[in-house]
Amino acid sequence: MVTQLSSSNKKDIIYPESDGQPMADNTKQYRWIVTIQGGVDTLFQNDPNVFVAGDLLWYPVEGDNRTRRAPDVMVVFGRPKGDRGSYLQWREDNIPAQVVFEILSPSNSAKEMISKYKFYERYGVEEYYLYDPDTGELTGWLRSGNELTEIDQMIGWISPRLGIRFELSDGELQIYRPDGRRFLTYSELAQEQEQAEARAKQAETRAEQAETRAEQAEAELQALRALLQERGIHPDQV
């Protein structure tokens with residue numbers, strides 16, 4: 001016999017916003033989490049109804065605070081941007097995360113990863129990507145009916161939902177936006193910004209120099225006109 005929870009009991013249930021686990025076990029894993037989260041978030045920055053989060057607890061079932069996962073990166077289409085302490089699916093039009101990423105760390109056990117896979121399969125994830133930065137191994141699964149089916153070839157794979165392309169270069173993951181630009185780390189973004197600012201400064205300097213030369217040429221021309229007029233020569237009549 002199944003006992004239904006009353007509405008008052010459901011309201012009394014606390015859904016913790018932390019599972020007590022660190023976001024990452026090492027700098028490499030953390031760098032990949034923030035790179036992917038930031039890259040996807042930037043990709044959809046102008047779409048108010050794409051929610052992207054990193055290490056956020058996702059509770060898919062109301063009244064059940066034990067069934068939960070905190071994907072390294074989760075993407076939800078159809079939900080507004082904004083800060084959340086956790087993702088309570090029943091308060092989000094019951095829309096599950098459609099795309100999730102996990103970055104493998106040395107502490108992840110096979111049992112844990114199987115459990116994550118089963119959770120994502122059961123609760124509606126459409127695309128699941130798993131990357132091991134230590135080995136360079138990249139695995140992906142795509143929903144087919146009620147199952148997540150492994151993608152045969154991940155090199156060159158384009159995400160149906162995100163439009164991003166996965167590549168491997170020297171054994172390291174490279175992710176490319178639909179416009180061909182690569183996902184960059186914060187350090188690479190800072191360097192790119194500095195280079196762009198330097199190029200803008202150089203262009204501004206060149207423009208100022210060209211303006212100065214033009215002003216000098218105009219001044220010389222006016223001086224020549226004045227000299228000729230002093231000698232009774234009118235340049236416009238010559």
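Residues numbered from 1 in each chain as written. Predicted model: local features only at pLDDT ≥ 70, side-chain atom pairs only at ≥ 80, totals over all residues. Heavy atoms only, no water.

A. Molecular detail of the overall build of the protein chain. Counting its secondary structure elements, the protein chain contains four helices and ten strands. Seen in sequence order, the protein chain has helices and strands lined up from the N terminus as α-α-β-β-β-β-β-α-β-β-β-β-β-α. Taking the intrachain contacts of the protein chain between residues at least 6 apart in sequence as the baseline, contacts between residues at least 24 apart amount to 56%. (Helix = DSSP H or I, 4+ residues; strand = E, 2+ residues; numbered from the N terminus. Contact = heavy atoms within 4.5 Å.)

B. A look at the nonpolar core. Counting 26 residues, the largest nonpolar core has I36, V40, V75, F101, L162, I164 and F166 as the members making the most contacts within it. Within the residue set of this core, elements represented by two or more residues are helix 2 (27-43), strand 1 (50-53), strand 3 (73-77), strand 5 (99-103), strand 6 (127-132) and strand 10 (172-176). Here V40 is in contact with V52, V75, L162 and F183, once residues within four sequence places are set aside. In terms of nonpolar packing, the next biggest core, distinct from the first, is built from 19 residues, A53, L56, A97 and Y123 among them. (Core = buried A, V, L, I, M, F, W, Y, C linked by side-chain atoms within 4.5 Å. Buried < 20%, exposed > 50% of the residue type's maximum accessible area, 1.4 Å probe, protein only.)

C. Here's a closer look at helix 3 (residues 110-122). For helix 3, spanning 13 residues, the distance from its first C-alpha to its last is 18 Å, which sits close to the expected 18 Å at 1.5 Å a residue. Within helix 3, the full set of buried residues consists of M113, K116, F119, Y120 and E121. Those residues of helix 3 that are buried lie in contact with strand 2 (58-59), strand 5, strand 6, strand 7 (137-144) and strand 8 (147-150). G124 sits one or two positions beyond helix 3 and adopts a positive phi of about 95 degrees. (Expected span 1.5 Å × (residues − 1).)

D. Main features of the environment of L148. Within the element layout of this structure, L148 appears in strand 8. The exposure class of L148 is buried, given its relative accessible area of 4%. For the pair formed by L148 and K118, sequence separation is 30 residues and the distance between their alpha carbons is 8.9 Å. Each residue touching L148, except ones within four places of it in the same chain, is listed here: Y117, Y120, E121, V125, E126, Y128, W141, L142 and R143.

Honestly, it's all geometry; don't read function into it.
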